[in-house]
Amino acid sequence: MNKPKKKEDLSLEELFARLDDMGVTTPEPKKEPTPAPKPQPKPAPVAEEVSPSKGAKFAEMEAAYVFMTAGKATVTLVSLKTNDRFTYELKVSDDEERIYVALMTGPDNNSSFQFLGTIFRDRDSYFRGKKSKIGEDAKGNRAFKWAWDHIATRTPNVNLEIWHEGSCGRCGRKLTVPESIASGLGPECAGRV
Ligand SMILES: [Zn+2]
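To start, this report covers the structure provided alongside it. Sequence order as written defines the numbering, with residues in each chain counted from 1. Since the coordinates come from a predicted model, pLDDT governs what is reported: local features require at least 70, and pairs of side-chain atoms require 80 or more to be given and counted, while whole-chain, interface and lining totals use all residues.

### Regarding unusual backbone geometry
Excluding glycine, residues mostly have negative phi values, and the peptide bonds linking residues are mostly trans.
Alright, step 1. At Glu96, a position not held by glycine, the phi torsion is positive, near 65°.
Alright, step 2. Counting from the N terminus, the helices are the DSSP runs of H or I reaching at least four residues and the strands are the DSSP runs of E reaching at least two. When you line up the elements, Glu96 lands in the loop between β4 (85–92) and β5 (98–104).
Alright, step 3. Comment: burial labels come from other C-beta atoms within 10 Å of the residue's own C-beta, placed from the backbone, where a count of 20 or more is buried, 12 or fewer is exposed, and between is partly exposed. A residue is classified by how many C-beta atoms lie within 10 Å of it, and Glu96, with 10 of them, is exposed.
Alright, step 4. A positive phi angle is found at Arg154, which is not glycine, with a value near 55°.
Alright, step 5. Assessed through the 12 C-beta atoms surrounding it within 10 Å, Arg154 is described here as exposed.

### Focus: the nonpolar core
Alright, step 1. Core analysis: the biggest nonpolar cluster contains 36 residues, and Phe67, Val75, Leu77, Tyr88, Val101, Phe144 and Ile162 have the highest contact counts within it.
Alright, step 2. Elements with a contribution of two residues or more to this core: α2 (61–68), β3 (72–79), β4, β5, β6 (113–120), α3 (139–152), β8 (160–164) and α4 (178–183).
Alright, step 3. Contact definition: two residues whose C-beta atoms, as placed from backbone geometry, lie within 7 Å. Apart from the residues lying within four places of it in its own chain, the contact partners of Phe144 are Leu77, Phe86, Tyr88, Val101, Leu116 and Tyr126. As used here, a nonpolar core is made of buried Ala, Val, Leu, Ile, Met, Phe, Trp, Tyr and Cys residues. They are joined through C-beta atoms within 7 Å.

### Some thoughts on the environment of Ser180
Alright, step 1. Take Ser180: it is sitting in helix α4.
Alright, step 2. Measuring from C-alpha to C-alpha, the distance between Ser180 and Ser167 comes to 9.3 Å, with 13 residues separating the pair along the chain.
Alright, step 3. What Ser180 contacts, discounting residues up to four positions off in sequence, is Leu175, Leu185, Gly186 and Pro187.

### Concerning α2
Alright, step 1. All buried positions along α2 are accounted for by Ala63, Ala64, Phe67 and Met68. End-on, the buried residues of α2 take up no more than an arc of 125°, which puts them together on one face. By construction, the arc corresponds to the directions joining the helix axis to the C-beta atoms.

### Details of the pairing of β6
Alright, step 1. In short, DSSP must find at least two bridges between two strands for them to pair. Bridge count for β5 against β6 is seven bridges, and the pairing is antiparallel. Paired with Tyr100 across the bridge in β6 is Thr118.
Alright, step 2. Connecting β6 to the next strand, strand β7 (residues 125–128), in antiparallel fashion are four residues, including Asp124 with a positive phi near 55°.

### Considerations on the pairing of β5
Alright, step 1. Most of β5 sits out of view: five of its seven residues are buried.
Alright, step 2. Inspection of the sheet shows β4 paired to β5 by five bridges, in the antiparallel sense. Of the residues in β5, the one forming a bridge with Glu89 is Ala102.
Alright, step 3. Remark: five residues form the turn of the hairpin made by β4 and β5, two consecutive strands paired antiparallel; Glu96 in that turn has positive phi of roughly 65°.

### Quick notes on the environment of Gly117
Alright, step 1. Position of Gly117 among the secondary structure elements: in strand β6.
Alright, step 2. As for Gly117 and Glu136, which are separated by 19 residues in sequence, their C-alpha atoms are 9.9 Å apart.
Alright, step 3. Setting aside chain neighbours within four positions, we find Gly117 in contact with Val101, Tyr126, Phe127, Arg128, Gly129, Ser132 and Asn141.

### A few points about α3
Alright, step 1. Expected span of a helix, by definition, is 1.5 Å for each gap between consecutive residues, and there is one gap fewer than residues. Helix length check: α3 (14 residues) gives 19 Å between terminal C-alpha atoms against 20 Å at 1.5 Å per residue, within 8%.
Alright, step 2. Of the residues making up α3, those classed as buried are Gly140, Asn141, Ala143, Phe144, Ala147, Trp148 and Ile151. Looking down the long axis of α3, one finds its buried residues gathered within 160° of arc, a one-sided arrangement.
Alright, step 3. Backbone geometry just downstream of α3 places Arg154 in the positive-phi region, at approximately 55°.

### Describing the environment of His150
Alright, step 1. Here His150 shows up in helix α3.
Alright, step 2. Among the residues examined, His150 registers 18 C-beta atoms within 10 Å and is labelled partly exposed.
Alright, step 3. Considering only alpha carbons, one finds His150 and Met61, 89 residues apart in sequence, at a separation of 8.0 Å.
Alright, step 4. Residues in contact with His150, not counting those within four places in the same chain, are Met61, Thr155, Asn157 and Leu160.

### Brief notes about the packing of α2 against α3
Alright, step 1. The N-to-C vectors of α2 and α3 enclose an angle of 110°; their axes lie 9 Å apart at closest approach. Judged by the inter-axis angle, α2 sits roughly perpendicular to α3. Between α2 and α3, the residues in contact are Met61, Ala64, Tyr65 and Met68 and His150, Ile151 and Ala152, respectively.
Alright, step 2. Note on residue categories: nonpolar means Ala, Val, Leu, Ile, Met, Phe, Trp, Tyr, Cys or Pro, charged means Asp, Glu, Lys or Arg, and polar means any other residue, Gly included. Residue composition of the contact of α2 with α3, by class: six nonpolar, one polar and no charged. Throughout, an axis means a line fitted to C-alpha atoms (over the contacting stretch in the case of helices), and angles, computed between N-to-C directions, take values from 0 to 180 degrees. What sets the label is the angle itself: under 35 degrees gives roughly parallel, over 145 gives roughly antiparallel, 65 to 115 gives roughly perpendicular, and the rest give oblique.

Below, the structure is given as structure tokens:
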């Protein structure tokens, strides 16, 4: 049951010529009239701006992570489940192997930070410091631990909001440009993290 073989002894030139022809003669696929653009699911996420130099919520865990590990970041974590909110300061050590986490314990957000614990950069693991006066079971510690588990693994959680307070996560200067407010990093620092 041999199929009859087509005899196609073409030189390369002929073959190319034929292919060319096919290209020319093949009718263009008819274009359907362009349908009205479907409503996109959502535009690219942008941090919700509250006001320049105030603060903004991170739209993505990656951005929050970059911000929090940038050097000198002040971050507020909000649990929508419990309505708790805590503000932390994260400072990278000189050798860049650790990030020291301090919890804001008073109303003055410049001087009322207390040492809480340390993030070890090799595994991005967080431990409460043994010397911390804030207990393991304190809400401020548990909240950070819970949030950091999500942030370090870039796992969003509907109950977790991460806000910066309007200052660059690397140098601490006030943020003014919209892109900076979205990322939490000033234009210069954004290129250095
Ligand atoms: Zn900066």
